[in-house]
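# What the coordinates show
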Amino acid sequence: MPPNAIAPDGETRTSRVVGSIDFIRPKLPYSSTNGEDMDESKLLTTVTGVRCSMPYTIKCSTASFTSPDYANVRIEQIASTIFDETESKLSNFNPQSEVNVVNAMGIDDVHTMSEALKDVVLCSKELVKFTRGAFDPCVAPLLKHYETMAERSSSDLVARHGTTTHSTSHNGHHASAHLSSITELPESMDEVPGEVDIETIRRQRHVVDFWRSLVSAGFAGDPSDARVSRTVKRLLEVSQWHSAFSVVANGSDDNEDRETNNGGMVTYAIRKKHNDAHMDLSGIAKGWAVDKIAEALPSPCWVEWGGDIKVRGKHPSGRSWVVAVPEPPKLSEMRVRLARAKKAGQVGPVYTLADEHIRDEEHNVGKGKEKDYLAVLELRDGEAVATSGDYEKVIERNGKLYSHVVNPQLGRLLELNQTSLAQAVVVTKSCMVSDALATAGISKGDPSLARAMLDQFRTGYKTPVRDYILYARQGPRIIRLSIPGIESKSDRERRLQRHQPATVIVVGGGLAGMSAAIEAADARAKVILLEKESETGGNSAKATSGINGWGTDTQAEQGVADEERLFERDTFRSGLGGRTDHCLVRTLSTKSSDAIHWLKHRHGIPLTVLSQLGGHSAKRTHRAPAVNGRPVPIGWKITSTMRDTICNEYEGKIDIRCGMNVTKLLHNVDANGVKTVTGVEVNGSETIVADAVVLATGGFGCCQRKDGLMSRFRPDLLGTPTTNGQFAQGDGVILGEEVGAELVDMDKVQLHPTGFLDPNDPSNPTKFLAPEAIRGSGGVLVNSEGKRFVNELDLRSIVTAGIQKYCSPYKSADGYEGPPFAYCILSQEAQQIFGKPVLSFYKDKLGLLEDCEDISSVAELIGCKKDVLVATLQEYEESARLGTCKLTGKDVFPSPLTPTSTSLVVARVTPSIHYTMGGLNINSVGEVQEKIESIIGSHRHIRGLFAAGEVTGGVHGGNRLAGNSLLECVVFGRMAGERAATVKHADKEMFPNAKHHAQESESNFIPVLLREVRNTDEKYGMNTREIRFDMHGAFQNSGMDVGQFIALRGQLDGETLMGYFSPITRPSDEGVIGILARSDSKGGPIAQLLEIARPGSTFYMCAMGGLRLKFEKENIIYNNRVVKRIGLLAGGTGIAPMIQIIREYGHYVKSHPHPEQIPPFQLNLIYAAEEMHDLAYMKILDTVRNQIPHHFRYYVKLNRPPLGWSEGVGFVERRDIIKYLVHPSKEENPLVVICGPPVFEAAMRKNLLRLGFEHSQYYSYSEGDNVAAHL
Ligand SMILES: Cc1cc2nc3c(=O)[nH]c(=O)nc-3n(C[C@H](O)[C@H](O)[C@H](O)COP(=O)(O)OP(=O)(O)OC[C@H]3O[C@@H](n4cnc5c(N)ncnc54)[C@H](O)[C@@H]3O)c2cc1C
């Protein structure tokens, strides 16, 4: 072993997961944090042994026990109790085990399960469902059948190595004593008629006879052989969980989910649904045992049994526990071993390779062979890893090798080959789940399918996948878990070296402003943060409910399943009626877990408490736990911590200046009307110049001025109370508007339904917010008649509308009449959930809630009839019992409230202006947009002006989803800050050499981040997407000519994919390069990658060749000559490069100083396609034609036209070129551009030559660069 290596943390037989030899941290002997050398043998007590023929290794910190001797004894005790239980309850190799008792039952027999069996069966059942059958503990009959056939067909049927099930038992599925009779059946085979269903067959004969018939068909026969498919399908029915067994909870089938609802004890039983059904729990039971042992031992510990590993805590030396994953054996190696073993008469056709592989590995240790490790995994506290490999048990038939894994779709064994998945390694927090998912992964066969399945388990399951490694031999292909949209640390570091340090002014010291400042400083900017108040914090500091994020480690730790599509759906649903820009929401969603991670791990904010607020379909609103029983106001915690971080870590980098009211944006406008912001004016006098300005001034919820924004956009709300601070005047909106920024959704103002109405000060316009938790904990709203009127947990907008419609205005004794209000009643249980310390703050300190002994005193306080209130609460109690309220649709009842409840508290609540959804229009990187008149596209960014947070619009639409605002501040604050920091770029052009010698070489590929993907089906045609990538510098342009195309490279499933695209953006467009791409199969594999990619995903881009057309002020230049007419000949997907030319031409015409001198129809297009639905981007063509009707026209030819078609039919002919495109005349100085499939281009070139065009008068993409441009 190398001198500086660490010892293996463990070694297993099957899965070959061993402590890394290469992983050099720390050196041996271990060093403690104070530098003292440590001897591992003293730190750890290691116990090894063999149970159920599988070796185990358990390591525990010796310090956890009173003495080393006792440690040994205690570990042995704990482990053997659990091993005994595993053998007696779950082992298929013990004929008396509980699982075998179940297997031996007759049809419809029911067995009440032990706790152990229940755990494993319920987990298996759930994973059958979630993996859609890719994992199934009931495939044993099918597997046994294949083994039997292999044995029967083997000419030299020798007693194979490990004929007893014990010695063949590993990670995969197993045969059992129950099925052993099959191997003894006579050779004669019956033919099974294909049409007869399985039940008929079962009735007619023993199903084993039926299996025998399959032997004649061969177990991996021709898939087109219907007879085989039908018979295998029938056999599969016996071998699938849902037709084999069912779980019976409290006497009724498959209703075990009720447990969570009534909280009572449930007895679980299992019913056998088919005589021949057989459950094999070996793999997953092994995981169960490992989990149990690890849980029973003191932390830190390492438990490994038969390839499954679970750890707790850290290795006592302070490092993480480490496992290394070795490379599976090559197919050639396996054949050699098999032949060797056969020659020695050791094995039959079913062969367990794992043992030998392991022996070889052991032999290799220390001889440099450890480099065969695929990867090294660090396991965090509580994580578990399991591996499934195709090499564990191999079945040979007709010279082919098959894995022991059954393909669930076909019901066949997976044939071992170079391209299919050879090994799946899965890390979760449960060994049981890891084991099942590794098996499910390998059974998928195809690495991409396995990746797609496991990715869903990353956030969509209560025991999420934390890491995985998928391996296929060819390549080899190694797929690691990667989270779309997350840039690697090294990529980011490299990227951030690509600009000069800039000076960035951030206006506003709330969460958006501080996030922007920190991110800009991290991107090497010098930052000045200007805050008009005497303190930073803004409304952000008032937030109490928390911040949203899905797929976070907090959710994973608490077993909360959540998904992108749910989060996005919730955001869109809440925002109905306003503008929720799809790209902004996708960015918010993709970056949400990273935002939480940043706050937690970069700033140390413990976002470990989760709640499910109204309108959310999962627990995803994060906040900090109470400290010493006192709640931590989350907004204050975040903003004060960040302020501390800035003061402590960013001295000289971020300069916070309070009392600085920004009153104007300094800017200039060039001859083309392009605006650039150059700094700010402060307090009406002082000016500060900068390279970029980020507006983060918050909303206008407190703007009641007659000339203010509320009065302009929502005059009806003047006089409505607010939860906002008085600084929330919408300054940033006005500053942006003054330089031309577009405003969106300005009339969308969110009223929070529950501002506390203080009976001692009812007319005060500023209300304390009654947090979401007041309803979330079970607070019930009633009106002054004592009647409920709304689902308290519905969206804020709906609850607000309910109060406004069904409640009376507040009237005080002195004649004051205020807005409508409701009473919120909290039972003792609700008070408990809400939190007594918070309640006491609002009740005892601020006097905003009142105590009521019972319902009578509540009725008295409200001034309603007691009978009515009692009837209301009776109905509520009944609804809670039924789980749904007929009146309001409420279906979650966090705590009870009944007519007999006592010790209640009651608050008066009134809708208050809380949040302004509208504001400055930004794009997904926070660049402020202005509206422009343009050929295509109606917006451009105001140079040097960025914005984030409540000052912007377009994220929340008509109504913000609770918790999305703090998230927006972090996500877009960081984006805007980083983007603002990049405005000073060393290279004005992204591809400085593109015009001269662009080529596809490694050094010419530049990293770009995916900015956004717009579905353009409606705009440009079916299956089209507009995809935009960020150039690194916000002021950079591509440096390419019109007509040049790019190569785009990315990684998917361990493979590098490449596509060629023509940009749709113009060469002069700054900061962005956009392409149009097909999203269907015609877009090739890169289309699939683009579909999976998310904002922030890294791609590599290289400028390629192409047409190189220059649009000068009054001339169009090609190859140093002025072109008078241009004809475009596009075939099928060859339309893509034409779009950029057409778009650029539109700009050329519009900005031409003498448009009357431009020849009519200077640009013509013939677009040939096979059929109607192949036509893409027609709307762009129409738009341009409508904009410049005298200069551009197009003609479409379809080979297979639909009924009613009135344009060109058939292929493009010479007369079409003359009539619709251009003449070959010298005076016209024409240029014809051809792009399409190679045959199309060749035919068109021929046509042109025959028409008398010279070679210099046309450009053909396939000829030009030898690479066809693709969509
Ligand atoms: C009571 C309350 C509770 C809330 N609870 C939640 C919650 O739980 N979860 C959630 O997601 N959202 C919540 N919100 C909403 C959320 O807190 C805010 O919308 C969000 O934090 C706004 O952040 P911001 O950085 O955009 O603006 P702010 O935090 O308001 O900061 C803007 C800052 O800019 C300063 N400023 C304004 N104009 C100028 C100028 N001209 N020059 C210099 N400085 C200027 C202001 O003084 C202020 O400090 C809550 C809001 C309120 C009022």
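All figures in this text were calculated on a predicted structure; none of them were measured in a lab. (Residues numbered from 1 in each chain as written. Predicted model: local features only at pLDDT ≥ 70, side-chain atom pairs only at ≥ 80, totals over all residues. Heavy atoms only, no water.)

Looking only at helices and strands, the protein has 40 helices and 56 strands in total. The 1271 residues of the protein split such that 60% are buried. For the protein, restricting intrachain contacts to residue pairs at least 6 apart in sequence, the fraction spanning at least 24 positions comes to 72%. (Helix = DSSP H or I, 4+ residues; strand = E, 2+ residues; numbered from the N terminus. Buried < 20%, exposed > 50% of the residue type's maximum accessible area, 1.4 Å probe, protein only. Contact = heavy atoms within 4.5 Å.)

Right, let's talk about the sheet that holds strand S51 (residues 1125–1131) for a bit. What the 6 strands build is an open sheet, ordered S54-S53-S52-S51-S55-S56; its pairing is parallel. The two strands at the open ends of the sheet, each matched to only one other strand, are strand S54 (1208–1209) and strand S56 (1258–1260). Taken together, the 3 bridges between strand S55 (residues 1230–1235) and S56 define a ladder with parallel strand orientation. The partner of Ile1234 across the bridge, within S56, is Ser1260. In the packing of helix H39 (residues 1238–1250) onto the sheet, contacts are made with S51, strand S52 (1163–1171), S55 and S56, and the angle to S55 comes to roughly 160 degrees. (Pairing = 2+ DSSP bridges. Axes fitted to C-alpha atoms, helices over the stretch in contact; angles between N-to-C directions.)

Not every one of the 40 residues close to the ligand is listed here, only the nearest: Glu531, Ser540, Ser545, Glu950 and Leu966. In this structure, an oxygen atom belonging to the ligand sits 2.9 Å away from a main-chain N or O atom of Asn539. Ser965 has a polar side-chain atom sitting 2.8 Å from an oxygen atom of the ligand. Expressed as a share of its isolated accessible area of 1000 Å², the protein-covered part of the ligand is 99%. In terms of residue count, helix H32 (residues 964–981) provides more of the shell around the ligand than any other element does, 4 residues in total. Class assignment of the residues belonging to the shell around the ligand gives a composition of 13 nonpolar, 20 polar and 7 charged. (Near = heavy atom within 4 Å. Polar contact = N/O pair within 3.5 Å; in protein donor to acceptor, adjacent residues only side chain to side chain. Areas by Shrake-Rupley, 256 points an atom, 1.4 Å probe, with all protein chains shown as cover. Nonpolar A, V, L, I, M, F, W, Y, C, P; charged D, E, K, R; others polar.)

Moving on, we get to the environment of Thr754. For Thr754, the location among the structural elements is in strand S32 (residues 749–756). C-alpha of Thr754 to C-alpha of Lys767: the two residues are 13 residues apart in sequence and 9.2 Å apart in space. Thr754 has contacts with Phe768, Leu769, Ala770, Ile774, Arg775, Val909 and Thr910, leaving out every residue within four places of it along the chain.

Right, let's get into the pairing of strand S19 (residues 467–472). When a strand is regular, its side chains alternate between the sheet's two faces. Summarising burial for S19: 6 of the 6 residues are buried, a large majority. The side-chain alternation of S19 yields two buried faces, one formed by Asp467, Ile469 and Tyr471 and the other by Tyr468, Leu470 and Ala472. Note that strand S18 (residues 421–428) and S19 share 6 bridges and pair antiparallel. Within S19, the residue paired with Val427 across the bridge is Asp467.

At the junction of Ser299 and Pro300, the peptide bond is cis and its omega measures out at 0 degrees in the coordinates. Its place among the elements puts Pro300 in the loop between helix H12 (282–296) and strand S9 (301–305). For the peptide bond that leads from Gly475 to Pro476, omega is -10 degrees, which places it in the cis range. You can see Pro476 is positioned in the loop between S19 and strand S20 (477–480). Positive phi, normally seen in glycine, also occurs at Asn683, with a value near 50 degrees.

Packing of H12 against helix H15 (residues 431–444) brings their axes to within 7 Å, and their N-to-C directions diverge by 155 degrees. Between H12 and H15, the interaxial angle falls into the category roughly antiparallel. As H12 packs across H15, the resulting crossing turns out to be right-handed. Every residue of H15 that contacts H12 at Gly283, Ile284, Lys286, Gly287, Trp288, Val290 and Asp291 is listed here: Cys431, Met432, Asp435 and Ala436. Taken together, the residues of the contact of H12 with H15 break down into 6 nonpolar, 2 polar and 3 charged. (Parallel < 35°, antiparallel > 145°, perpendicular 65-115°, else oblique. Left-handed = near helix turned anticlockwise from the far one by under 90°.)

In this section: the pattern of salt bridges. By the definition in use, this model includes 68 salt bridges. For Lys292, the salt bridge identified is with Asp119, shortest N-O distance 3.9 Å. Residue Lys292 is found in helix H12, and its partner Asp119 is found in helix H4 (residues 115–130); the two are separated by 173 residues along the sequence. The exposure class of Asp119 is partly exposed, given its relative accessible area of 23%. Residues Arg565 and Glu563 are paired through a salt bridge, measuring 2.5 Å at the closest nitrogen-oxygen approach. Exposure remark for Arg565: the relative accessible area of 59% places this residue in the exposed category. Using a relative accessible area of 23% as the deciding quantity, one classes Glu563 as partly exposed. One network of salt bridges, in which partners are shared, links Glu487, Arg492, Arg495, Glu519, Asp594, Arg974 and Glu978. (Salt bridge = Lys/Arg side-chain N within 4 Å of Asp/Glu carboxyl O.)

Let's shift gears to the sheet that holds strand S31 (residues 743–744). Pairing within the open sheet is mixed, and its 3 strands lie in the order S31-S39-S42. Lying at the two open borders of the sheet, with one neighbouring strand each, are S31 and strand S42 (952–953). Note that S31 and strand S39 (residues 919–921) share 2 bridges and pair antiparallel. In the sheet register, Val744 faces S39, and the bridge partner there is Gly919. The sheet strands contacting helix H25 (residues 731–738) are S31 and S39, and the helix crosses S39 at an angle near 40 degrees.

Here we take up the pairing of S20. Going residue by residue along S20, you find Arg477 and Ile479 tucked away on one face and Ile478 and Arg480 left uncovered on the opposite face. As paired strands, S19 and S20 are joined by 4 bridges and run antiparallel to one another. Note on S20: the bridge partner recorded for Leu470 is Ile479. Counting the residues between successive antiparallel strands, the hairpin from S19 to S20 contains 4 residues, one of them, Gly475, with a positive phi of roughly 120 degrees.

Attention shifts here to the confidence of the model for the protein. Summarising the model, the protein shows a mean pLDDT of 85, and 85% of its residues fall at 70 or more. Taken as a whole, residues 1–33 scores under 50 in pLDDT and shows 120 contacts with residues more than four places along the chain or in a different chain. (pLDDT = per-residue confidence, 0-100.)

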